[in-house]
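Single-letter residue listing:
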Amino acid sequence: MDRVRDRIDTGPRFSDSDAIRLNRMFRGADTAAVLDAVLKDRLAGDVAVVSSFGAESAVLLHLIAQVDPATPVLFLDTGKHFPETLAYRDQLVGRLGLSNLQILQPDPADLAARDDSGLRWSYDPDGCCEIRKVRPLEKALARFDASLTGRKAFQSSTRANLPRFEVDTADAQGRLKINPLIDWQAADLAAYIAAHDLPLHPLVAEGYPSIGCMPCTSQVADGDDPRSGRWKGWDKTECGIHSPVQLGPDGELPPGFEPFL
């Protein structure tokens, strides 16, 4: 009798062809249908949503709560957030009945070795993001087959042509990245927030249309790009976790990249 060899499947969970197939399958479908398939029917396996609890986060979190309020919600507590963001996070979690908030924090050893003063943001924002966001998120997402993001095409030119489904280039095992709000416009978000009486992040009224860590977030003038208040004065525009990047010899991000917000 021939012996059957045990084999370990080391292939990717999702391939580019899978992402293309899913984009075709859900072409023209509304956001609720996508979330039903992903969260209720487990189309993408184990899924988590990554949320900054920023200016527009309430919309996606409310939509998710309607389908499965036990969906893991990953929040990066960088130690540099506005106090208003932390209070807003707790308010939204309670209001929406989200039951699986997971707070991610940077490794104390990384902080001690590379940002002992807590001021790395002032001279190396990429390095600060890598320690406080990229590494903790990378570790947490290793447990999931797919992640949900709140990215919208209108937010910036780097997001203008993003699909609903894509393969996460930061993950060698082919994790799927899902952008359910990619085709929503600012007016759609405002209308949804009003229709469902969702609370706004308190800093929006103070001129912060895009909100990240306190040291690297500035107010934005009317009519300016909503993300122009992020890392003002630095050549830094888009996230490292959302882009195919080559890390440096010590695992650092190249200039111009930021993890997920």
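Up top is the structure these notes are about.
For every chain, the first residue of its written sequence is number 1, and the numbers climb from 1 along that sequence. Side-chain atom pairs in this predicted model are given and counted only at pLDDT of 80 or more, local residue features only at pLDDT of at least 70, and totals for whole chains, interfaces and linings cover all residues. For the side-chain quantities, the full set of heavy atoms in the structure was used; hydrogens and water were omitted.

**Details of the packing of aromatic side chains**
Okay, step 1: In summary, the pairing rule links any two rings of Phe, Tyr or Trp, Trp by its six-membered ring, whose centres are within 6.5 Å, and it sorts them by plane angle into stacked for under 30 degrees, edge-to-face for over 60 and tilted for everything else. This structure, assessed with the given rule, holds 4 aromatic pairs.
Okay, step 2: Measuring from centroid to centroid gives 5.6 Å for Phe-53 and Phe-75, while their planes differ by 75°, and the two rings are edge-to-face. Within this pair, whereas Phe-53 is found in the loop between β1 (47–50) and α3 (57–67), its partner Phe-75 is found in strand β2 (residues 73–76), the two being separated by 22 residues in sequence. Each member of the pair, Phe-53 as well as Phe-75, is classed as buried.
Okay, step 3: Between the aromatic rings of Phe-82 and Tyr-208, the centroid separation amounts to 5.7 Å while the plane-to-plane angle is 65°, which identifies the pairing as edge-to-face. With a gap of 126 residues between them, Phe-82 in the loop between β2 and α4 (83–96) and Tyr-208 in the segment after α7 (186–195) connect regions that are remote in the sequence. As far as burial versus exposure is concerned, Phe-82 and Tyr-208 are alike and both buried. Secondary structure elements follow DSSP: runs of H or I of four or more residues count as helices, runs of E of two or more count as strands, with numbering from the N terminus. Exposure classes here rest on a 1.4 Å probe applied to the protein chains alone. A residue is buried below 20% of its type maximum, exposed above 50%, and partly exposed in between.

**Things to note about the pairing of β1**
Okay, step 1: Side chains Val-47 and Val-49 project from β1 onto one buried face, and the interleaved Ala-48 and Val-50 project onto a second face that is buried too.
Okay, step 2: Strands pair, by our definition, only if DSSP identifies at least two bridges between them. Bridging between β1 and strand β4 (residues 146–148) involves 3 bridges; their strand directions are parallel. Looking at β4, one finds that Val-47 is bridged to Ala-146.
Okay, step 3: The sheet contact formed by β1 and β2 spans 2 bridges and is parallel. Paired with Val-50 across the two strands is Leu-74, which belongs to β2.
Okay, step 4: Here the term right-handed applies to a crossover when the path leading from its first strand over the helix to its second strand runs clockwise, the strands being oriented away from the viewer. Between the parallel pair β1 and β2, the chain is carried across by α3, and the sense of this crossover is right-handed.

**Let's talk about the environment of Val-38**
Okay, step 1: Along the chain, Val-38 turns up in helix α2 (residues 31–40).
Okay, step 2: Two residues form a contact once any of their heavy atoms are found within 4.5 Å. What Val-38 contacts, discounting residues up to four positions off in sequence, is Leu-43, Ala-44, Val-47, Phe-165 and Ile-178.

**Here's the deal with α3**
Okay, step 1: With 10 of its 11 residues buried, α3 lies for the most part within the structure.
Okay, step 2: Where α3 is concerned, the buried positions are Ser-57, Ala-58, Val-59, Leu-60, Leu-61, His-62, Leu-63, Ile-64, Ala-65 and Val-67.
Okay, step 3: In this structure, the buried residues of α3 make contact with α2, β1, β2, α4, β4 and α7.

**A look at the packing of α3 against α7**
The geometry of a pair of packed helices is captured by two quantities: the angle between their axes and the separation between those axes.
Okay, step 1: In this analysis an axis means a line fitted to C-alpha atoms, helices contributing only their contacting stretch, and an angle means the value between N-to-C directions, from 0 to 180 degrees. Interaxial distance between α3 and α7 falls to 9 Å at its minimum, and their mutual angle equals 60°. For the element pair α3 / α7, the angle class is oblique. For α3 against α7, the interelement crossing comes out left-handed. Along the contact surface, α3 presents Val-59, His-62 and Leu-63, while α7 presents Leu-189, Tyr-192 and Ile-193.
Okay, step 2: Classifying every residue of the contact of α3 with α7 gives 5 nonpolar, 1 polar and no charged. Angle categories: roughly parallel below 35 degrees, roughly antiparallel above 145, roughly perpendicular from 65 to 115, and oblique for all the rest. For any pair of crossing helices, the crossing counts as left-handed if the nearer helix is rotated counterclockwise from the farther one by less than a right angle, and right-handed if it is rotated clockwise. In this classification, Asp, Glu, Lys and Arg are treated as charged, Ala, Val, Leu, Ile, Met, Phe, Trp, Tyr, Cys and Pro as nonpolar, and every other residue, Gly included, as polar.

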